[in-house]
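Summary of the model geometry
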Amino acid sequence: MTDDHRSFSRRELLHRGVALASTVATVPWFVENAAFGLAPDAATPTRTPGADRILVIVQLGGGNDGLNTVVPYFSDDYRRLRPRLAIGAPGDEGPGGTALPLDANAGLGLHPSLTGLRDLHDRGLLGVVQGVGYPNPNRSHFASMDIWQTGRTDGQGTGWLGRYFDARCHGTPEPQAAIALGRDAPLSLVGDVQKPIAFEDERLFRWRGEDLHPAMKAPYEAAVRAGALPGVDPDSQAAYLMRTSLDAQVSSDRIRAAVQRASATPYPGGALAGQLRLVGAMIRDELPTRVYYVSMGGFDTHGGQLGSHANLMRQVGDAIAAFQTDIDSQGMQDQVLTMVFSEFGRRVAENGSAGTDHGTAAPVFLIGSKARPGVIGHHPSLVDLDGGDLKHTLDFRSVYAGILAGWFQVDPRPILGAEHPAATLVV
Amino acid sequence: MSADPLSPLPDRDFDFWSAAHLLRRAGFGGTPAEIGVLQAAGLDGAVARLVEYEPTPDTDSRAVPDIMRPQTPEEQAMLARAREVGDEATLERSRRDRQNRQRRDRDQLRSLRRWWFDRMVTTPNPLEEKMTLFWHGHYATGYRTIEDSWHMLAQNRLFRAHAVGDARQLAAGILRDPAMVRYLDGQRNRRGNPNENLARELMELFVLGEGNAYTERDIKEVARCLTGLDIDDDTVVFRPDRHDDGVKSVLGRRGRFTGDEVLQVLFARPEAATFLAGKLYRFFVNDAPGPRSRDAQRTIDGLAKLLRRHEFDLAPVLSRLFASRHFHDPANRGAIVKSPIQLLVEAIRSLGTPPRDADRLLDDADRMGQSLFQPPSVKGWDGGRAWINTATLFVRQNVLVHLLVGEGGTAAPFPAEHLIAHLSGDGPPDPDATVEYLLRFCLGTEPHPDRRRELRAFLAEVGDRVDRDRIVAMLAIITALPEYQLC
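Residues numbered from 1 in each chain as written. Chains lettered and ligands numbered in written order. Predicted model: local features only at pLDDT ≥ 70, side-chain atom pairs only at ≥ 80, totals over all residues.

This brings us to the overall build of chain B. Scanning chain B for helices and strands turns up 24 helices and four strands. A globule of 487 residues ought to have a C-alpha radius of gyration of about 23 Å, and chain B, at 25 Å, matches this closely. Counting every position in chain B, which comprises 487 residues, the buried fraction comes to 49%. For chain B, restricting intrachain contacts to residue pairs at least 6 apart in sequence, the fraction spanning at least 24 positions comes to 73%. (Helix = DSSP H or I, 4+ residues; strand = E, 2+ residues; numbered from the N terminus. Rg over C-alpha atoms; globule rule 2.2 N^0.38 Å. Buried ≥ 20, exposed ≤ 12 C-beta atoms within 10 Å, placed from the backbone. Contact = placed C-beta atoms within 7 Å.)

And the structure:
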């Protein structure tokens, strides 16, 4: 192990920091963290393996139609079961258009609007993990999303990445380790100790009282940035709140400063691109953040889905392509991995309203210079179905395990249990 | 040997700020006028008002029972036929019908969240709702798992009916509660084919506490005692043919125990009283982590003894606690991190802010980590410092700004008249006294001199007058202070 005296001394200093809270009260926790080795620092030769790597998660909410995202044109049953929705093989026009080439040998193509992902594929930056799901699939959006986020089939408890951080941080949370763009903090990032930062709009990640009157800013700032006040018992709830309050201010300053600077890379319109633009800015500003989480809804395409799904695919592909360009231009391509998932796919057969109902297994995308490129795993059979639904060929926890082991270089078993072998997803 | 920490506070020490503390902890705080009334009743009178309430009538929640009713045998037969002959249209109609009902049920759950929140804001018996919230965190059950809002309401009524009553009866009620039985797979636990989920949590989280007194073997035996539960629509029924009626051995006692009987075995253990006493202590007195003071430990031991003496009837035990020196000790004021619901309800009730839009407030409560009817797991909410992090602090500060000023030009203004009246003597309110009073009233503790100085400087900066706008501005600043998150 290359783990070294530095991390020991950091723990020791943090410990002393707690004991001396009344005298070091103006130093927020994570500044101490940064000072003792967690901030990106290219000159440092000894580094915890995987510690400078960043994971970006893109959540497609509502249940993305996996079969019209990665098109199984090898299958006659696909065309038969989707008379109004099927996308044709490259060079072949179906009712849903013509697929972009992905893997001719496997008979798989990409949705015609996924030109952004096609370009990444052509550059060897796209991995397509097929048939990802879990046993006894739950078709409730909420329940299935909880299952994906906790990494447990009962959907209860802490998030899988929250547990990763809990195991890493030895009881001292890292305030900026996980940042989610959106109103709600995703359960994935919530641990017993580790809590994510979530904000929809950086302008709201601050106290809104100061908008009421300019004179209010000064007394507010004096109070919330004071840290633990003299005379307050450092072990008390009050002292804890005063210290956390200062942490919050410093995080807010840092994040808002990062995202307010214009991006060098042009991003398309749309909410997902907007979120990824902010993530790109925070990465450029070298925040100590290890996981960023963005999400986009609207994938619950029960009716007339051709147009709406094409629009969604366009937004996803273009936003991710722009983000990857941004990362490349920063020279960060070896340090950033992006994962795209949805809580379930949709039924194989289209429904009576030219849409699709809630289904099961679906592909997961991995993007980055270290993502294992190409089509990974086996496509679920379109003949051997379970009540009209695909049978998954890879458990989603094997995907998570592959990321934890291959990307973050930690043992996934304490986090996910031992029964899900890590898929090889990182090169 | 110092005085018993559970001995009563001398009546002369029961001042306005003690009454305010009592109302905050046993309820959700109150206006200066409400605190004054409580103080005038004297310590025993005030405690009696809070604890010995007449149960509040179950005002119309407007919920309907059958949105998620199970399929009738006729419907099941029809669907089976449709599946056989591949009648896709019928199957799809059924799927759609189910999706529609799920949507309606989620809407109903949202309306129940509003209904309960409104009860907390308006109830004349705040301890009833506060203990209902306590039990919701104790017997935590999540709506997303059971997907039946009517069952969540039934469970909520169960908590309220036993709010300050016999904790053993409540536990017996939980074994008959369709929401909990479904949540912990009680109906899957059958003779010869056990499911230990309910038994394990009964020992670990509900009655004894993790690792207290029991072994894995006891869990298996308790699971046998609990076999035979089933859910028939809205009722938990007992199916003797699924019950294991053999002899079980639980915590050293042997017998052909049923679920109710094994509950008595568990509650007979001293650990049961100590476990509940510790939880009540963290909920009502002090939730700081770390080693407890000697007085704190003596208080918990004393509460456990009282629980046993009163056979788990909570009202007399809580009365003793709320009148005790230890409860009123200045060291135990500002010693609990307000839950998100406490933060919201207390702000509305004590500051008298307009209630604003409940859905918006409840969404913010979700963001602060407390979703009514959706605790994060069967463990409930961790509470204490777990409520507080970088992200939730801004939500907490900003929801107070929202309560005070609302949004948009048509928002109801903050009615400051009662505060101004309270602060006015013969003339207009004095700025020094106003700063002192607002800080003390909002924080519940002696303000730190730095806070006093900063707020006084602010008031001087903006004209040194006390009127509604300036009171709103000062309240916005005070409610953003780190220590405002404590009660």
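Across its full length, chain A holds 12 helices and 12 strands. Burial analysis of chain A (427 residues in total) assigns 53% to the buried set.

On the side of chain B, 40 residues touch chain A, which itself brings 45 residues to the contact. Contributions of two or more residues to the side of chain A that touches chain B are made by helix 5 (141-150), strand 7 (197-199), helix 7 (217-224) and helix 8 (237-260) of chain A. For the side of chain A that touches chain B, the element with the most residues is helix 8 of chain A, which contributes 10 residues. Taken together, the residues that form the side of chain A that touches chain B break down as 24 nonpolar, 12 polar and nine charged. (Nonpolar A, V, L, I, M, F, W, Y, C, P; charged D, E, K, R; others polar.)

A separate point is the pairing of strand 9 (residues 336-342) of chain A. All names here are of chain A. In terms of burial, strand 9 is largely enclosed, as seven of its seven residues are buried. On strand 9, burial covers both faces: V336, T338, V340 and S342 on one face and L337, M339 and F341 on the other are all buried. With three bridges joining them, strand 9 and strand 10 (residues 362-367) adopt antiparallel strand pairing. From the neighbouring strand, V340 faces strand 10, where its bridge partner is F365. (Pairing = 2+ DSSP bridges.)

Now for the domain arrangement of chain B. Residues and elements named next belong to chain B. Assigned domains within chain B: domain 1 (11-52 + 269-332), domain 2 (340-405) and domain 3 (417-485). For domain 1 and domain 3, the distance between their C-alpha centres works out to 29 Å. Between domain 1 and domain 3, the residue contacts involve six residues of the former and four residues of the latter. For the side of domain 1 that touches domain 3, the element with the highest residue contribution is helix 1 (residues 16-26), accounting for three residues. Grouping the constituent residues of the side of domain 1 that touches domain 3 by class yields three nonpolar, two polar and one charged. (Domains from an automatic or database assignment.)

We now examine the packing of helix 3 (residues 42-51) of chain B against helix 16 (residues 314-322) of chain B. Residue and element names in this part refer to chain B. Interhelical geometry of helix 3 versus helix 16 gives an angle of 140 degrees and a closest axis separation of 10 Å. Remark: the crossing between helix 3 and helix 16 carries right-handed chirality. Contacts from V47, L50 and V51 in helix 3 reach A315, L318, S319 and F322 in helix 16. (Axes fitted to C-alpha atoms, helices over the stretch in contact; angles between N-to-C directions. Left-handed = near helix turned anticlockwise from the far one by under 90°.)

Let's shift gears to helix 10 (residues 305-329) of chain A. Its 25 residues place the ends of helix 10 of chain A 36 Å apart at the C-alpha level, agreeing with the 36 Å of an ideal helix rising 1.5 Å per residue. Downstream of helix 10 of chain A by one or two residues, G331(A) has phi in the positive range, about 70 degrees. (Expected span 1.5 Å × (residues − 1).)

What follows deals with helix 16 of chain B. Residue and element names in this part refer to chain B. Among all positions in helix 16, only L314, V317, L318, L321 and F322 are buried. The arc enclosing the buried residues of helix 16, seen along the axis, measures out at 130 degrees, which places them on a common side. Elements that come into contact with the buried residues of helix 16 comprise helix 1, helix 3, helix 9 (167-174), helix 14 (270-284), helix 15 (294-309) and helix 17 (325-328). (Arc of directions from axis to C-beta.)

Positive phi is not limited to glycine here, since E286(A) has a value of about 60 degrees. Following the sequence through the fold, E286(A) ends up in the loop between helix 9 (271-284) and strand 8 (291-296). Given 16 C-beta atoms within 10 Å, E286(A) falls into the partly exposed group. Of note in the backbone geometry, R356(B) takes a positive phi value of approximately 60 degrees without being a glycine. Residue R356(B) is classed as partly exposed on the basis of its 19 C-beta neighbours within 10 Å.

Glancing now at the pairing of strand 1 (residues 229-232) of chain B. Residue and element names in this part refer to chain B. Note: strand 1 against strand 2 (residues 235-238), four bridges, orientation antiparallel. The residue of strand 2 that forms the bridge with I231 is V236. Counting the residues in the hairpin turn of strand 1 and strand 2 gives two residues, including D233, whose phi is positive at 55 degrees.

Averaged over chain A, the pLDDT score is 87; the fraction of residues at 70 or greater is 88%. In this model residues 1-47 of chain A is a low-confidence stretch, pLDDT under 50, and it forms 52 contacts with partners more than four residues away in sequence or in other chains. (pLDDT = per-residue confidence, 0-100.)

It is worth spelling out the sheet that holds strand 2 (residues 70-71) of chain A at this point. The strands making up a sheet are joined through hydrogen bonds of the backbone, oriented either antiparallel or parallel. All names here are of chain A. Strand order in this open sheet of three strands is 2-4-3, and the pairing throughout is antiparallel. Single-partner strands in this sheet number two, and they are strand 2 and strand 3 (100-103). Pairing of strand 2 with strand 4 (residues 108-110), which is carried by two bridges, proceeds in the antiparallel orientation. In the sheet register, V71 faces strand 4, and the bridge partner there is G109.

Once that is clear, we can look at the environment of A46(B). Residues and elements named next belong to chain B. Tracing the sequence through the fold places A46 in helix 3. Using a count of 23 C-beta atoms within 10 Å as the deciding quantity, one classes A46 as buried. Here the alpha-carbon distance between A46 and L23, two residues 23 residues apart in the chain, equals 8.9 Å. Apart from residues lying up to four places away in sequence, A46 is in contact with A19, L22, L38, Q39 and A41.

This part covers the confidence of the model for chain B. Across chain B, the average pLDDT comes to 95, with 100% of residues at 70 or higher. Interface confidence for the predicted complex, given as ipTM, is 0.94, next to a pTM of 0.86.

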